[in-house]
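Each chain, letter by letter, is given below.
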Amino acid sequence: MSRTTTKISRRQQILEALAGMLETSPGVRITTAALAKEVGVSEAALYRHFPSKSKMFEGLIEFIEETLFNSIPVIMQREGSALERCFRILETLLVFTARNPGFTRLLNGDALVGEHERLRDRVEQLFDRIETQLKQILREAELREGLRPTLSLTATASLMLGAAEGRITQFIRSGFRRDPSEAWREQWDVMTLGLMREQLQTV
């Protein structure tokens with residue numbers, strides 16, 4: 001095994017251990033000493049792969065970003081209506097959190113208390129990107145389907161994303177027992193009933 005391969009493997013091991021500790025130790029601040037013990041290496045060994053704990057958290061946030069935003073182009077190609085595209089994007093977020101409970105502590109900021117401000121900014125930017133994508137889909141609905149939201153684009157996208165964020169919060173509060181994606185389709189159908197209206201044609 002080459003030196004490069006070993007480094008990549010160890011980095012992955014560190015990130016997986018960190019994600020696991022976030023899941024199994026809710027509400028507990030993760031220290032590098034505890035993480036090193038979990039991985040089975042010294043703290044110095046951790047810093048050979050990551051210059052700081054912030055960089056370790058950034059590695060996890062990058063994984064969230066790659067997973068979510070790599071899925072969006074596929075959704076945009078496969079799904080037809082604006083509402084269905086928005087549904088699938090938010091469903092992807094909810095399913096991801098259900099499968100990776102520890103990452104929710106990054107998304108809600110719990111694990112980032114006392115950490116570098118740029119980490120919270122990056123999570124905020126992640127949600128902003130999702131909301132921007134929802135607004136773009138809703139904006140295009142007027143041209144593609146002759147429909148427009150009954151509320152403003154911003155208010156509609158905020159409502160949609162807020163509902164998904166609420167499900168994630170419930171998931172955390174339940175100790176990761178309440179699946180955030182459960183009954184999402186039924187709730188979505190009720191929530192979006194009457195949310196879009198036909199655009200009046202002018203002569």
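Read on for a plain summary of the structure. Only a predicted model underlies this, so the values are computations on that prediction, with no experimental measurement involved.

A pair can form between side chains of opposite charge whenever their charged atoms are brought close. One pass over the full model with this rule turns up 13 salt bridges. Among the ionic pairs, Arg 88 bridges to Glu 84, the shortest N-O distance being 3.1 Å. Separated by four residues within a single helix, Arg 88 and Glu 84 lie in helix H5 (residues 82-99), roughly one turn from each other. When its relative accessible area of 26% is taken as the criterion, Arg 88 is described as partly exposed. Residue classification places Glu 84 among the buried residues on the basis of a relative accessible area of 17%. With a closest N to O distance of 2.6 Å, Arg 120 and Glu 117 form a salt bridge. Highlighted residues: Arg 120 and Glu 117, both in helix H7 (residues 117-145), separated by three residues, approximately one helical turn. Take Arg 120: its relative accessible area is 30%, and that puts it in the partly exposed class.

A word on the environment of Arg 88. As a C-alpha pair, Arg 88 and Gln 133 span 45 residues in sequence and 12 Å in three-dimensional space. Among all residues touching Arg 88, those that are not within four sequence positions of it are Ile 75, Glu 79 and Arg 185.

Right, let's talk about the packing of helix H8 (residues 153-173) against helix H9 (residues 184-191) for a bit. Taken N-terminus to C-terminus, the directions of H8 and H9 make an angle of 150°; their axes are 12 Å apart at the nearest point. Classified by the angle between their axes, H8 and H9 sit roughly antiparallel to one another. Helix-helix and strand crossings are classified by hand; for H8 and H9 the assignment is right-handed. For the pair formed by H8 and H9, the contact residues are Leu 159, Met 160, Ala 163, Ala 164 and Arg 167 on the first element and Trp 184, Gln 187, Trp 188 and Met 191 on the second. Looking at the contact of H8 with H9, its residues break down into seven nonpolar, one polar and one charged.

With that settled, the discussion passes to the nonpolar core. Residues Leu 35, Leu 90, Leu 93, Leu 106 and Ile 130 are the most contacted members of the largest nonpolar core, which totals 56 residues. Among the elements that make up this core, the one with the highest residue count is helix H4 (residues 53-78) (10 residues). Contacts of Ile 130, omitting those with residues within four sequence positions, involve Leu 68, Phe 69, Ile 89, Leu 90, Leu 93 and Leu 161.

Scanning all chains against the criterion turns up six aromatic pairs. Among the aromatic residues, those joined into a ring-pair cluster are Phe 63, Phe 96 and Phe 103. Residue placement shows Arg 129 over the ring face of Phe 69; its charged tip is 3.6 Å from the ring centre. Taking the ring centre of Phe 87 as reference, the NZ or CZ of Arg 185 above it sits at 3.7 Å.

Before going further, it helps to examine the side chain of Arg 105. Here Arg 105 lies in helix H6 (residues 104-107). Discounting residues that sit within four places of it in the chain, Arg 105 has contacts with Met 21, Leu 22, Ser 25, Pro 26, Gly 27, Val 28, Asp 110 and Ala 111.

This part is about the environment of His 116. Mapped onto the secondary structure, His 116 falls in the loop between H6 and H7. Residue His 116 is classed as partly exposed on the basis of its relative accessible area, which comes to 43%. C-alpha of His 116 to C-alpha of Leu 94: the two residues are 22 residues apart in sequence and 26 Å apart in space. Side-chain polar atoms of His 116 contact the backbone nitrogen of Arg 118, separated by 3.1 Å.

We now examine unusual backbone geometry. Even without being glycine, Phe 176 reaches a positive phi, approximately 70°. For Phe 176, the location among the structural elements is in the loop between H8 and H9. We classify Phe 176 as buried; its relative accessible area is 17%. At Ala 183, a position not held by glycine, the phi torsion is positive, near 60°. One can find Ala 183 in the loop between H8 and H9. The exposure class of Ala 183 is partly exposed, given its relative accessible area of 36%.

What counts and what doesn't
Once a new chain begins, its residue numbering starts again from 1 and follows that chain's sequence as written. Per-residue local features of the predicted model are confined to residues with pLDDT of at least 70, and side-chain atom pairs are confined, for both listing and counting, to 80 or more; whole-chain, interface and lining totals are unaffected and use all residues. In computing side-chain properties, one takes all heavy atoms of the structure into account and sets aside hydrogens as well as water. Any carboxyl oxygen of Asp or Glu within 4 Å of a side-chain nitrogen of Lys or Arg constitutes a salt bridge here. Helix and strand labels come from DSSP, where a helix needs a run of H or I of at least four residues and a strand needs a run of E of at least two; each type is numbered from the N terminus. Burial status follows relative accessibility: with a 1.4 Å probe on protein chains alone, a residue under 20% of its type maximum counts as buried, one over 50% as exposed, and anything between as partly exposed. Any two residues having at least one pair of non-hydrogen atoms within 4.5 Å are treated as being in contact. Lines fitted to C-alpha atoms define the axes here, with helix axes fitted over just the stretch in contact, and angles between the N-to-C directions of these axes take values from 0 to 180 degrees. We call two directions roughly parallel when the angle between them is under 35 degrees, roughly antiparallel when it is over 145, roughly perpendicular when it lies between 65 and 115, and oblique otherwise. Definitions for this section: a left-handed crossing has its near helix turned counterclockwise from the far helix by less than a right angle. A right-handed crossing has that turn clockwise. The nonpolar class holds Ala, Val, Leu, Ile, Met, Phe, Trp, Tyr, Cys and Pro. Asp, Glu, Lys and Arg form the charged class, and all remaining residues, Gly among them, are polar. By nonpolar core we mean a set of buried residues, namely Ala, Val, Leu, Ile, Met, Phe, Trp, Tyr and Cys, connected to one another through side-chain atoms within 4.5 Å. Between rings of Phe, Tyr and Trp, where Trp is taken as its six-membered ring, a pair exists when centres lie within 6.5 Å; planes separated by under 30 degrees are stacked, by over 60 edge-to-face, and by other angles tilted. As a reminder, the over-ring test applies to NZ of lysine and CZ of arginine, requiring each to be within 6 Å of the ring centre and within 35 degrees of the ring normal. Polar contact is defined as a pair of N or O atoms within 3.5 Å, subject to the rule that within protein one atom must be able to donate a hydrogen and the other to accept it, and that residues adjacent in sequence are counted only when both atoms are side-chain atoms.

Any functional reading would require information that these geometric values do not contain.
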